[in-house]
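Chain by chain, the residues run as shown.
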Amino acid sequence: MTFNQLKKLSKQSGNDLPVIRVALLGDTATQLLATAIKGMGQYRNFNIELFEADFNQIEMQFFNKDSELHKFNADFTIVFQSTHKLLGKKTKDRLPLIKEILNSFKGKIIYFNYAEIDDSVFGSFANKLEMSFVYQIRKMNFDLMNLAIQNSDFHILDIASIQNKYGRNFMFSPAIYASTEMILSIDCLPIVANRIFDIICASKGNFKKCVVLDLDNTLWGGIAGDDGLENLKLGHGLGIGKIFVEFQEWLKKLKERGIILAVCSKNEESTAKEVFEKHPEMVLKLDDISVFIANWENKADNIRKIQSVLNIGFDSIVFMDDNPAEREIVRQNLSAVCVPELPKDPAEWLEFLYGENLFETVSFSQEDKERTKQYREQVERTTFEQSFTNETDFLKSLEMECEVEDFTKFNIPRIAQLSQRSNQFNLRTVRYSEADIQNLSNNENYKNFAFSLKDKFGDNGLIAVVILEKRSKELFIESWFMSCRVLKRGMESFTLNTIAKYAKENSFEKITGEYLPTAKNKLVENHYKDLGFVSLGAGKFELKICNYAERECFILSKEIE
Amino acid sequence: MTATEILTQLQKIFCDVLDIADIVLEQTTTSADIEEWDSLSHIQLVVAIEKYFDIKFTSEEILEWQNIGDMIKSIEEKL
């Protein structure tokens, strides 16, 4: 993607695309960055309404309550304060300014950290001297990370990392800066705009959840079925074997942070699994793989199978295969699946993939580490279910137990994350940040429930959330979302029983709900109707408490005080 | 490369960057003659020209060109 292409895209009106309001503030000329942001928004299917503040107005826009920024009401406010403009200033004033902004401004901020400039005043000795510019810039980036840890709505656009990857000479062009006040080179604008949208998309619930992997010549060098286990190129000897070990180590790190790994390989299943079980240099074990498909069928069909077992969107799947022909088949049949164009030489893969930044997220919780295990348990459940002819018998035999809790400081990160991750079972698709959830938990006008489900196969963790707004005698379901891992288990009935019990005990007369359709939540179109609500039209529903009969389900309640 | 050849090449670059199919450049053409040629697209033109001819302009050159003729002169000096 070149800047020129982005510029052309920025001129297309995208009226039927979802609107995102973006404010851009900078201390250098940002017009071309603004164009790149608009174009990239269009490319990633958003209609960007942009407010670009006049040059160098950051403080005024934030601290003056009548400023254009405050009136604009942005979904995301992007702040680009350059390292360049700090060269002649006191760096120590900067951090207090940012803290003050965070204290007074409500809304999501995307803040550029500081690309390093070694001003060479002290040479390498700068590393031994707190007052040196090099030391101060690095310290500031470190402090910014700590601020970001404390503020869930404060996101860092890591321009320092981008510069590490592409180099300062690529990022900054002195002659252009001298004649225009522009800090970013034209060639780096698409990369920077892309990284901005990685953050925006992730906080809109649009991110990758699963990597589907080919095996032969992708996870190891050679073909297991032809070359034999002992002749595969894998391991820290001479040659290319270490490249595959390092690639697997990276995948393992992704798995440990919550990305599900699946295998889709043209192989005999026994041959493929033997490598995982017997090859001493394999980093990935069978335990790391949630769904393992090795057969001779078409890979697009196999990915459809993986998608239906895991019950996630195609657009959250990344497919990695060394073979360009297989990649092309998947692209043509499943256009939503992300298929990185891996370089011919496997040695180049990791650096290439680092640059693609496919796995952006805006949250991380302890449950992420458990995710592969949970999906493996899900596969066991599915097999178990197939041994029953009667659904009720199956549900009873699962021995399900549900914990119902309020929002607490322990579950807030997971709740925010579930609101961002749930696309299909999500009635109104409101995305909450941790700060939003925190505010709701302190708000007297709201009652919130978080549900965690266990069964004989394991712990599903926190899988459903309802957020209820008290409107005098009416209890309005502002949000109801649930992980699709626990579909068809009776959780909907259990949840409604919980809401109704609360409503009855607190003298509410009716429960009301709303279905707001999106491209992905057709699954719950009839959710309220199926649960006995009466339709009021325009996607609104109500349920009178007086004639509510508790719904049958096979989930034992375990209330937490 | 002759001045005419440079001019022909510039014409292609201008069409591509400014996204106009039928620009006709002359030695005397200035930014006032082409609506899309503003200070922002000027930078894009500079970068595209530098890339094509594999040259670097100085910041003064970028600021001081009065017309296409001046640009061509700068390019000729560097080739």
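As a reminder, the structure under discussion sits directly above these lines.
Residues numbered from 1 in each chain as written. Chains lettered and ligands numbered in written order. Predicted model: local features only at pLDDT ≥ 70, side-chain atom pairs only at ≥ 80, totals over all residues. Heavy atoms only, no water.

Undergrad: Could you clarify how one ought to interpret the sheet that holds strand E3 (residues 76-80) of chain A in this entry?
TA: Strands in a sheet are paired, the pairing made by backbone hydrogen bonds, and the direction either parallel or antiparallel. All names here are of chain A. With parallel pairing, five strands are arranged side by side in an open sheet as E2-E1-E3-E4-E5. Because the sheet does not close on itself, it has two edges, and the strands there are strand E2 (47-52) and strand E5 (154-157). The mean angle between the axes of side-by-side strands here comes to 25°, regardless of whether they run parallel or antiparallel. Seen against the sheet, helix H2 (residues 31-43) touches strand E1 (19-26), E2, E3 and strand E4 (108-112) and runs at an angle of roughly 165° to E2. Running over the sheet, helix H6 (residues 133-150) touches E4 and E5 and is turned about 145° from E5. (Pairing = 2+ DSSP bridges. Helix = DSSP H or I, 4+ residues; strand = E, 2+ residues; numbered from the N terminus. Axes fitted to C-alpha atoms, helices over the stretch in contact; angles between N-to-C directions. Contact = heavy atoms within 4.5 Å.)

Undergrad: What's the story with a nonpolar patch on the surface in this structure? I'm lost.
TA: Residues Val121, Phe122, Phe125 and Met131 of chain A make up a contiguous nonpolar surface patch of about 430 Å² in total accessible area. Relative to the helices and strands, phenylalanine 125 of chain A is located in the loop between E4 and H6. (Patch = residues over 30% accessible without salt bridge, like charges linked within 9 Å, V, L, I, M, F, W, Y side chains within 5 Å. Areas by Shrake-Rupley, 256 points an atom, 1.4 Å probe, with all protein chains shown as cover. Salt bridge = Lys/Arg side-chain N within 4 Å of Asp/Glu carboxyl O.)

Undergrad: Any chance you could explain the sheet that holds strand E7 (residues 260-266) of chain A here in plain terms?
TA: Residues and elements named next belong to chain A. One open sheet holds the four strands; their spatial order is E8-E7-E6-E9, and the pairing between them is parallel. Looking at which strands have only one partner, the edges of the open sheet turn out to be strand E8 (289-295) and strand E9 (317-320). Each adjacent strand pair in this sheet contributes to an overall mean axis angle of 15°, direction not counted.

Undergrad: Sorry if this is basic, but what is going on with the packing of helix H1 (residues 3-18) of chain B against helix H4 (residues 68-78) of chain B here?
TA: Describing two packed helices takes the angle between their axes plus the distance from one axis to the other. Residue and element names in this part refer to chain B. Two numbers describe how H1 lies on H4: the axes approach to 10 Å, and their chain directions differ by 115°. Taken together, the axes of H1 and H4 lie roughly perpendicular to each other. The handedness of the crossing between H1 and H4 is right-handed. Residue-level inspection shows Ala3, Ile6, Leu7, Leu10 and Phe14 of H1 in contact with H4, the latter providing Ile68, Met71, Ile72, Ile75 and Glu76. (Parallel < 35°, antiparallel > 145°, perpendicular 65-115°, else oblique. Left-handed = near helix turned anticlockwise from the far one by under 90°.)

Undergrad: Could you clarify how one ought to interpret the interface of chain B and chain A in this entry?
TA: Note on interface size: it is often stated as the accessible area lost on association of the parts. Taken together, the contact between chain B and chain A spans 15 residues of the former and 14 residues of the latter. For the pair chain B and chain A, the summed buried surface comes to about 1300 Å²; carbon and sulfur atoms form 63% of the total. If you sort the residues of chain B by the area they bury against chain A, Leu40, Ile43 and Gln44 of chain B come out on top, with a joint share of 42%. For the interface between chain B and chain A, the tally reads two salt bridges. Taking the shortest distance from any N to any O, the salt bridge between lysine 8 of chain A and aspartate 19 of chain B comes out at 4.0 Å. If you look at where chain B meets chain A, you find four residue pairs in polar contact (both at pLDDT 80 or more). A per-element tally of the side of chain B that touches chain A places helix H2 (residues 39-53) of chain B first, with seven residues. For the side of chain B that touches chain A, the per-class residue count stands at eight nonpolar, four polar and three charged. (Buried area = accessible area lost by both parts, 1.4 Å probe. Polar contact = N/O pair within 3.5 Å; in protein donor to acceptor, adjacent residues only side chain to side chain. Nonpolar A, V, L, I, M, F, W, Y, C, P; charged D, E, K, R; others polar.)

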